[in-house]
Amino acid sequence: MLIALIAKDKNGALQTRLDNRANHLAYIEETGVVAQAGPLLDGDAMIGSLIILEVEDMAAAQTWADNDPYAKAGLFQSVDLIVWKKVVG
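Residues numbered from 1 in each chain as written. Predicted model: local features only at pLDDT ≥ 70, side-chain atom pairs only at ≥ 80, totals over all residues. Heavy atoms only, no water.

Caption draft 1: Broad picture of the side chain of D68. Structurally, the position occupied by D68 is in the loop between helix 2 (58-67) and helix 3 (69-72). Look at D68: it is buried, it has no salt bridge, and the nearest opposite charge is R17 at 7.9 Å. Engagement of the side chain of D68 in a polar contact is seen with the side chain of H24, the distance being 2.8 Å. Excluding residues within four positions of it along the chain, D68 makes contact with H24, Y27, I51 and F76. (Helix = DSSP H or I, 4+ residues; strand = E, 2+ residues; numbered from the N terminus. Buried < 20%, exposed > 50% of the residue type's maximum accessible area, 1.4 Å probe, protein only. Lys, Arg positive; Asp, Glu negative; His and termini not counted. Salt bridge = Lys/Arg side-chain N within 4 Å of Asp/Glu carboxyl O. Polar contact = N/O pair within 3.5 Å; in protein donor to acceptor, adjacent residues only side chain to side chain. Contact = heavy atoms within 4.5 Å.)

Caption draft 2: Molecular detail of the sheet that holds strand 3 (residues 45-54). The strand order across the open sheet built from four strands is 2-3-1-4, with neighbouring strands paired in antiparallel fashion. On the outer flanks of this sheet lie strand 2 (34-42) and strand 4 (76-83), each paired with one strand and no other. Here the strands of the sheet are splayed against their neighbours by 15 degrees on average, with no regard to which way each runs. Sheet analysis places strand 1 (residues 2-9) next to strand 3, joined by seven bridges and oriented antiparallel. The partner of I3 across the bridge, within strand 3, is L53. Running at roughly 20 degrees to strand 3, helix 1 (residues 14-31) makes contact with strand 1, strand 2, strand 3 and strand 4 of the sheet. Those strands touched by helix 2 are strand 1, strand 2, strand 3 and strand 4, and its axis lies near 160 degrees from that of strand 4. (Pairing = 2+ DSSP bridges. Axes fitted to C-alpha atoms, helices over the stretch in contact; angles between N-to-C directions.)

Caption draft 3: Examining the environment of L75 more closely. Relative to the elements of secondary structure, L75 occurs in the loop between helix 3 and strand 4. With 70 residues separating them along the chain, L75 and L5 place their C-alpha atoms 14 Å apart. When sequence neighbours within four positions are dropped, the list of residues in contact with L75 reads D9, K10, A13, T16, R17 and Y70.

Caption draft 4: Structural detail: helix 2. Of all the residues in helix 2, the buried ones are A61, W64 and A65. The buried residues of helix 2 occupy one face: seen down the axis, they fall within an arc of 95 degrees. In this structure, the buried residues of helix 2 make contact with strand 1, helix 1, strand 2, strand 3, helix 3 and strand 4. Its side-chain oxygen placed 3.3 Å from the backbone nitrogen of A59, D57 serves as the N-cap of helix 2. (Arc of directions from axis to C-beta.)

Shown next as structure tokens:
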């Protein structure tokens with residue numbers, strides 16, 4: 001099952017993002033369930049994340065999201081998990 005994780009950063013939280021980026025990227029590598037990922041941008045500024053998870057069910061996606069170092073650091077103002085269907089690519 002593919003799940004789109006769409007997270008928006010809290011205002012003024014860029015330093016939190018930068019401070020936790022290495023741990024976030026290591027978590028992506030370690031867990032092996034991320035099909036695609038990247039920051040959401042406002043101009044050149046990172047303001048959130050889009051992550052496509054390939055997991056067994058929504059519960060697994062929620063567990064992954066809850067354990068993301070960005071989430072644990074309090075970076076996000078909101079996180080949405082939405083079932084996603086790949087059509088192109």
